[in-house]
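# Tertiary structure, described
Single-letter residue listing:
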Amino acid sequence: MTEPISSIRNLGPAMEQAFARVGIKTAEQLREIGTDAAYAKLLANGARPHFIAYYVIEMGLQGRPWNDCKGKEKDALRKRFDAIKARTAPAPLAGIEKILDQIGVVERP
């Protein structure tokens with residue numbers, strides 16, 4: 001039996017939909033791939049980087065409240081987040097988004 005992503009502490013329907021768009025459809029898949037690889041997939045598919053979203057996933061996978069992340073642990077997660085962000089390029093824009101970007105309407109991360 002598979003569990004929905006929203007069964008993981010801290011993760012609700014919006015996160016479940018975001019992960020579904022990148023092919024991660026179950027809690028088991030998310031646990032197997034882990035926070036870093038899953039978050040990199042989100043970024044590569046156009047999600048905007050957001051540190052809180054990143055550590056909410058990590059805390060959820062550990063079964064902890066999202067606001068339990070503090071001090072040195074939070075600093076270490078920030079370094080991991082920054083490294084993922086630095087090496088993960090978003091998917092290239094296409095269609096109308098590409099045109100809007102060319103005329104300066106779309107803001108890229």
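As the structure is a prediction and not an experimental result, all values here were calculated from the model.

## Considering the overall build of the protein
Each helix and strand in the protein was counted, giving five helices and zero strands. Its C-alpha atoms give the protein principal-axis dimensions of about 45 × 35 × 20 Å. A buried classification covers 30% of the 109 residues belonging to the protein. In the protein, once contacts between residues fewer than 6 apart in sequence are set aside, the share between residues at least 24 apart is 46%. As presented, the protein carries roughly 6700 Å² of accessible surface, and 55% of it is formed by carbon and sulfur atoms. Once the 17 positive and 13 negative side-chain charges of the protein are each reduced to a mean point, those two points are 3 Å apart.

## Section: the pattern of salt bridges
Inspection of the entire model under this criterion finds six salt bridges. Note that Arg 80 and Glu 58 form a salt bridge whose closest N and O atoms lie 3.3 Å from each other. Of this pair, Arg 80 sits in helix H4 (residues 71-87) while Glu 58 sits in helix H3 (residues 51-61), and the two are 22 residues apart along the sequence. Taking the relative accessible area as the measure of exposure, Arg 80 reaches 30% and is therefore partly exposed. When its relative accessible area of 12% is taken as the criterion, Glu 58 is described as buried. As a salt-bridge pair, Glu 73 and Arg 64 come within 2.7 Å of each other at their nearest N and O atoms. Glu 73 sits in the partly exposed class, given a relative accessible area of 28%. Linked through salt bridges whose partners overlap, the residues forming this network are Asp 36, Glu 58 and Arg 80.

Cut-offs and rules
Residues numbered from 1 in each chain as written. Predicted model: local features only at pLDDT ≥ 70, side-chain atom pairs only at ≥ 80, totals over all residues. Heavy atoms only, no water. Helix = DSSP H or I, 4+ residues; strand = E, 2+ residues; numbered from the N terminus. Buried < 20%, exposed > 50% of the residue type's maximum accessible area, 1.4 Å probe, protein only. Contact = heavy atoms within 4.5 Å. Areas by Shrake-Rupley, 256 points an atom, 1.4 Å probe, with all protein chains shown as cover. Lys, Arg positive; Asp, Glu negative; His and termini not counted. Charge placed at Lys NZ, Arg CZ, Asp CG, Glu CD. Salt bridge = Lys/Arg side-chain N within 4 Å of Asp/Glu carboxyl O.

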